[in-house]
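Understanding the architecture of this molecule
Residues per chain, in single letters:
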Amino acid sequence: MKLKKKVSFTKSLNIVFSSLLFTLIIASGMIAYHQWIDIKYSCVSFSKKYVTVLASIINEKLANSETSLKLITETIREHSEISTRRFNKWLNTQLYILPNVTGLNILDAQQNYTRIPMLSENSNFTKDFNPKSRPWYQMSTSYSEKTSFTQPYNDYISTKRIVSVSLPFFESGEITNGIVAFDIDLSFVNQSLGSIAPPIQGNNFILAENGEQITDKVNMTNIEKNLQLLTRAIWESGSFFSQEDDAYYFYKKMDNPSWIVFYKVTRQNMNRVMIEMNTKIFYFIMLSILIICFAWWAIISVMNTTLTNIASSIRYGRFDGEDSSKILALEIENNISRIEDISSKASTDALTGLLNRRVFDQQLETFSYKSDSCLALIDIDDFKSVNDKFGHTIGDLVLKTIAKLARKYETANIKFYRYGGEEIAAIFDGININSANSIIESLRIDISERKYRESELRTTVSGGIITFDNKTGLEALELVDKLLYLAKESGKNTIKR
Ligand SMILES: Nc1nc2c(ncn2[C@@H]2O[C@H](COP(=O)(O)OP(=O)(O)OP(=O)(O)O)[C@@H](O)[C@H]2O)c(=O)[nH]1
């Protein structure tokens, strides 16, 4: 029954599949982790590219105005035809091809001011209008080809939120002779920011150097926060995480004007996209785990059925639905007990249950010259007369009884053997002669004191005991036989040494 509990035909398979599952889970965890990092990297890199593209779209649109501005200043310098009708017409054409430009201003050193489209002469502000009060007004003293952008402001002429870009023009000798400025309607910035869908749901906006948000109405409450954002944007382009907003900011600096394009993505939105992108790998992992579990179950089931059939065939030659491992375990156990039974029968005497002569002969020589081991031989006294008087059955009973008494003294080191008909040998392994002798003496007394149902029946034994010191097994046997003979001669019921 012990074996039945121990035997498990699926244990190794379970170990293999558990290891496989464990490895898969660990590997999946690592893949998911790296995937998460990769996706985060991709999100960051897409977001950075996104702000860069936005910045370049806005730059490109502003560049058109700058090119036109340069063309006008060059034309003025080369032709000095600032106030001709033809020139005004040409300026109108320039304005027409620049849809974002709401006004063109030219102010020369003589304070001649030209505005296209022309201001109505009757309007209130025309009378008191001083071009020098316009934000774009500047007179560079040195030659420059670089356009200058104003901060965003609300234009009282167009009432729109605009920014002005200006460029001084020069005459020969490079003395500043005037300034040309475009008023640019900032609504194009909003259009540009909305022209490309962001990679992740978020807000984009542009901040000017002073913290003002381009296109927005000036909101002073945000200025301080915007300035903080500007101080964190230290590279040409980059990103940072704001604990305060729990959001990522991606930015790209523009060269001229010095604006910074920002793209804000909340951590929640970023994580949502990352989780969505990770979902595929999650499903893949779950599917792999399911496949492994199914394969595990299928193999165990098939194996169980197969083993059941084998076991059933061994036992009954048919399948009866019993658990295979139990049947096989039982069969193995039966087989073991059969082998044990056969080998036990081969080594024991059927009548007395003592080890038989064959085993005695095998073991005797292994004790040759062992000074710490002893050999004893005892013989039932007058056994013939027991048989004669009480019959062979009682004789057999006496033999069995004496063997039983002897086996009480049996240990791992003391073995009794049925040597002959009514002779019993004993080998004392690693036991000195005195101890061995006292055991044999005790047995002799036990036998002599043993009573039987037949009141007149009494048995005694005579014997001899000797050490294996300086003797082969066979020599010891011959000597102990002589001692037994002496014991018989000296009146029986005695042990000689
Ligand atoms: N019942 C029975 N008798 C046996 C068995 N083996 C031997 N004997 C008998 O044991 C007797 C041995 O007799 P003897 O050798 O003459 O010796 P003894 O009568 O014991 O006399 P001493 O040995 O001199 O004391 C014989 O009669 C055998 O038949 C057995 O297995 N069963």
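No experiment lies behind these values; they were computed from the predicted model shown.

What about the pattern of salt bridges?
All told, the structure shown has 17 salt bridges when counted by the stated rule. We note a salt bridge from Arg115 to Asp183, for which the minimum N-O separation is 3.5 Å. Of this pair, Arg115 sits in strand β2 (residues 113-116) while Asp183 sits in strand β6 (residues 176-185), and the two are 68 residues apart along the sequence. The two residues Arg115 and Asp183 agree in class, both being buried. Across the salt bridge formed by Asp361 and Arg357, the nearest N and O atoms sit 3.2 Å from each other. With Asp361 and Arg357 both in helix α9 (residues 357-364), this residue pair falls 4 residues apart, about one helical turn. Residue classification places Asp361 among the partly exposed positions, given a relative accessible area of 39%. It is possible to trace a salt-bridge network through shared partners that takes in Arg115, Arg134, Asp155 and Asp183.

Observations concerning the packing of aromatic side chains
In total, this model carries 17 aromatic pairs according to the counting rule given. Consider the rings of Tyr113 and Trp136, whose centres lie 6.3 Å apart with planes at 15°: the pair is stacked. Of this pair, Tyr113 sits in strand β2 while Trp136 sits in the loop between α4 (124-128) and β3 (148-149), and the two are 23 residues apart along the sequence. Using a relative accessible area of 23% as the deciding quantity, one classes Tyr113 as partly exposed. An angle of 40° between the planes, with centres 6.0 Å apart, marks the rings of Phe240 and Tyr251 as tilted. Remark: Tyr251 occurs in strand β9 (residues 247-253) and Phe240 occurs in strand β8 (residues 237-242); sequence separation between them is 11 residues. In this structure, Phe240 and Tyr251 share a single accessibility class: buried. An aromatic cluster of three or more residues is present, and its members are Phe205, Phe240, Tyr249, Tyr251 and Phe262. One residue, Arg450, lies across the ring of Tyr452, its end atom 5.7 Å from the ring centre.

Observations concerning the site of the ligand
Taken together, 16 residues surround the ligand, and among them Asp382, Phe383, Lys384, Asn387 and Asp396 come closest. One of the backbone N or O atoms of His392 is found 3.3 Å from a nitrogen atom in the ligand. Elements with a minimum of two residues in the shell around the ligand: β11 (374-380), α10 (383-390) and α11 (392-407). Per-element tally for the shell around the ligand: the top contributor is α11, with 4 residues. Split into classes, the residues belonging to the shell around the ligand amount to 3 nonpolar, 4 polar and 9 charged.

Comments concerning the sheet that holds strand β12 (residues 414-418)
The 5 strands lie next to each other as β12-β13-β11-β14-β15, forming an open sheet whose pairing is mixed. Both outer strands of the open sheet, β12 and β15 (495-496), are each paired with one neighbouring strand and no more. The pairing of strand β14 (residues 461-467) with β15 spans 2 bridges and is classified as parallel. Across the sheet, the residue bridging to Gly463 is Ile495, located in β15. The strands that α9 touches are β11, β12 and β13 (423-428); relative to β12, the one it contacts most, it runs at about 130°.

Topic: the UniProt feature "transmembrane region" (unreviewed entry) in the chain
UniProt records the feature "transmembrane region" (unreviewed entry) for residues 12-33 and 281-299 in the present numbering. Taken as a whole, residues 12-33 contains 100% helix and 0% strand, while its terminal C-alpha atoms sit 31 Å from one another. Structurally, residues 281-299 comprises 100% helix and 0% strand, and the distance from its first C-alpha atom to its last is 27 Å.

Some points on the sheet that holds strand β10 (residues 260-266)
Across the sheet, 4 strands lie side by side as β7-β10-β9-β8; this open sheet has antiparallel pairing. Sheet topology places β7 (203-207) and β8 at the edges, where each strand pairs with a single neighbour. Direction aside, the axes of adjacent strands within the sheet are offset by 25° on average. Two strands pair when backbone bridges link them, and β7 and β10 are joined in this way by 5 bridges, in the antiparallel orientation. Bridge pairing in β10 links Asn204 to Tyr263. Lying on the sheet, helix α7 (residues 267-315) is in contact with β8, β9 and β10; it crosses β10 at an angle near 70°.

So, how was this worked out
Residues numbered from 1 in each chain as written. Predicted model: local features only at pLDDT ≥ 70, side-chain atom pairs only at ≥ 80, totals over all residues. Heavy atoms only, no water. Salt bridge = Lys/Arg side-chain N within 4 Å of Asp/Glu carboxyl O. Helix = DSSP H or I, 4+ residues; strand = E, 2+ residues; numbered from the N terminus. Buried < 20%, exposed > 50% of the residue type's maximum accessible area, 1.4 Å probe, protein only. Phe/Tyr/Trp six-rings, centres within 6.5 Å; stacked < 30°, edge-to-face > 60°. Lys NZ or Arg CZ within 6 Å of the ring centre and 35° of its normal. Near = heavy atom within 4 Å. Polar contact = N/O pair within 3.5 Å; in protein donor to acceptor, adjacent residues only side chain to side chain. Nonpolar A, V, L, I, M, F, W, Y, C, P; charged D, E, K, R; others polar. Pairing = 2+ DSSP bridges. Contact = heavy atoms within 4.5 Å. Axes fitted to C-alpha atoms, helices over the stretch in contact; angles between N-to-C directions. UniProt positions renumbered as here; feature names shortened; annotations may be inferred.

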